[in-house]
Amino acid sequence: MLADLETGRDDTTAFTWETKRGEPIETRVATEYDSMTGTRDPVIVSMGFFAKFTKRSEKKSPDWDVDRMETHIKIQAENKNDPALWFHVDKKNTGQLGPATHLQIDEECCEFLGDIKLSVPRFPFGFVLPTDCLDFIMAEFFPMEWGQRLAGIHAFGALRESQLARLHLFAGSILADMNNRKKQTPVGILQDCDFVEGLRLV
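Draft legend 1. The overall build of the protein, seen in detail. Helices and strands together make up the secondary structure of the protein, namely five helices and eight strands. Start at the N end of the protein and walk to the C end: the helices and strands fall as α-β-β-β-β-β-β-β-α-α-α-α-β. Looking at the protein as a whole, 36% of its 202 residues qualify as buried. Intrachain contacts of the protein at a sequence separation of at least 6 include 51% that bridge at least 24 residues. Of the roughly 12700 Å² of accessible surface on the protein, a fraction of 56% belongs to carbon and sulfur atoms.

Draft legend 2. Region of the structure containing the pairing of strand β3 (residues 43–55). Burial runs high along β3: 10 of the 13 residues are buried. Of the strand pairs in this sheet, strand β1 (residues 14–18) and β3 are connected by five bridges, and their pairing is antiparallel. Residue pairing in the sheet places W17 in a bridge with A51 of β3. Taken together, the 13 bridges between β3 and strand β4 (residues 64–77) define a ladder with antiparallel strand orientation. The residue bridging F49 from the neighbouring strand is T71, located in β4.

Draft legend 3. Broad picture of the pattern of salt bridges. The full count for this structure, using the stated rule, is five salt bridges. A salt bridge links R160 to E161, with the shortest nitrogen-to-oxygen separation between them at 3.7 Å. The class for R160 is partly exposed, based on a relative accessible area of 45%. One continuous salt-bridge network, built from bridges that share partners, spans R28, E145 and R149.

Draft legend 4. Seen up close, the side chain of D132. Examined against the element boundaries, D132 turns out to sit in helix α2 (residues 130–141). Those residues in contact with D132 that lie beyond four places of it in its chain are F127, Q163 and R166.

Draft legend 5. Layout of the side chain of H88. Within the element layout of this structure, H88 appears in strand β5 (residues 85–91). Among the polar contacts listed, one links the side chain of H88 to the side chain of D90, at a separation of 3.5 Å. Discounting chain neighbours no more than four positions away, the residues touching H88 are T71, H72, H102, L103, Q104, D106 and E107.

Draft legend 6. Looking closely at the confidence of the model for the protein. In this model, the protein carries an average pLDDT of 81, and 88% of its residues clear a pLDDT of 70 or more. At the low end of the mean pLDDT range in the protein sits strand β8 (residues 200–201), at 61; at the high end sits strand β2 (residues 25–26), at 92.

Draft legend 7. Structural view of the packing of α2 against helix α3 (residues 143–151). For the pair α2 and α3, interaxial distance at closest approach is 5 Å and the crossing angle is 130°. Taken together, the axes of α2 and α3 lie oblique to each other. Facing D135, M138, A139, E140 and F141 of α2, the residues of α3 in contact are P143, W146 and L150. Residue composition of the contact of α2 with α3, by class: six nonpolar, no polar and two charged.

Draft legend 8. Fine view of a nonpolar patch on the surface. Where nonpolar side chains cluster on the molecular surface, the patch consists of L85, I105 and F123 and spans about 230 Å² of accessible area. With respect to the secondary-structure elements, L85 resides in strand β5. Judged by its relative accessible area of 37%, L85 falls in the partly exposed class.

Draft legend 9. Structural context of the nonpolar core. Ranked by internal contacts, the top residues of the largest apolar core, which has 27 residues, are F53, M69, I73 and F141. Of all the secondary structure elements, the ones that give two or more residues to this core are β1, β3, β4, β5 and α2. With six residues, the top contributor of residues to this core is β3. With sequence-adjacent residues up to four places away left out, I73 is seen in contact with V45, S46, M47, L85, W86, F87, C133 and I137. In terms of nonpolar packing, the next biggest core, distinct from the first, is built from five residues, F170, I189, L190 and C193 among them.

Reading the values: the criteria
- Residues numbered from 1 in each chain as written.
- Predicted model: local features only at pLDDT ≥ 70, side-chain atom pairs only at ≥ 80, totals over all residues.
- Heavy atoms only, no water.
- Helix = DSSP H or I, 4+ residues; strand = E, 2+ residues; numbered from the N terminus.
- Buried < 20%, exposed > 50% of the residue type's maximum accessible area, 1.4 Å probe, protein only.
- Contact = heavy atoms within 4.5 Å.
- Areas by Shrake-Rupley, 256 points an atom, 1.4 Å probe, with all protein chains shown as cover.
- Pairing = 2+ DSSP bridges.
- Salt bridge = Lys/Arg side-chain N within 4 Å of Asp/Glu carboxyl O.
- Polar contact = N/O pair within 3.5 Å; in protein donor to acceptor, adjacent residues only side chain to side chain.
- pLDDT = per-residue confidence, 0-100.
- Axes fitted to C-alpha atoms, helices over the stretch in contact; angles between N-to-C directions.
- Parallel < 35°, antiparallel > 145°, perpendicular 65-115°, else oblique.
- Nonpolar A, V, L, I, M, F, W, Y, C, P; charged D, E, K, R; others polar.
- Patch = residues over 30% accessible without salt bridge, like charges linked within 9 Å, V, L, I, M, F, W, Y side chains within 5 Å.
- Core = buried A, V, L, I, M, F, W, Y, C linked by side-chain atoms within 4.5 Å.

Okay, structure coming up:
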């Protein structure tokens, strides 16, 4: 996947980056989550994503506009026979309501609603890149081990600073919207906000 990203990035106009259909990234069995001691029910988490980038129009700009970004995450029992929980982390599409980046329970999980395919609520979520979502999964389901692994990785500072920069962009855009729209509550504004200058990938 890294080679695919680097190859696409060398294109002069646009590229997509995605996991192959039917071949998600899958964790090993997780049992040591939600508690500092003891174990929980064994689960497996899988993740697939699709991203589309367009080169920014400014000459010699190293930046890419993020046109589309969605990461789908599934949590299943170890035996994979029981019902699963699906959710996705998205950059909202043009014309869509909701927070600029959000976490949303997949419509397929709402069987109790019958024929209704409920696409809300969309919860504000401060991270959107697939790599950030993978970090989130590992921190949630393998908290002790993942913390130890992160401490020893090469270029940890670059990873941390990149996440912080995206979080500043996310929070700054929301705050700018909240300061400009005086007739709405901050919570209400979250249901129709976007990035002020768009989302970029360097």
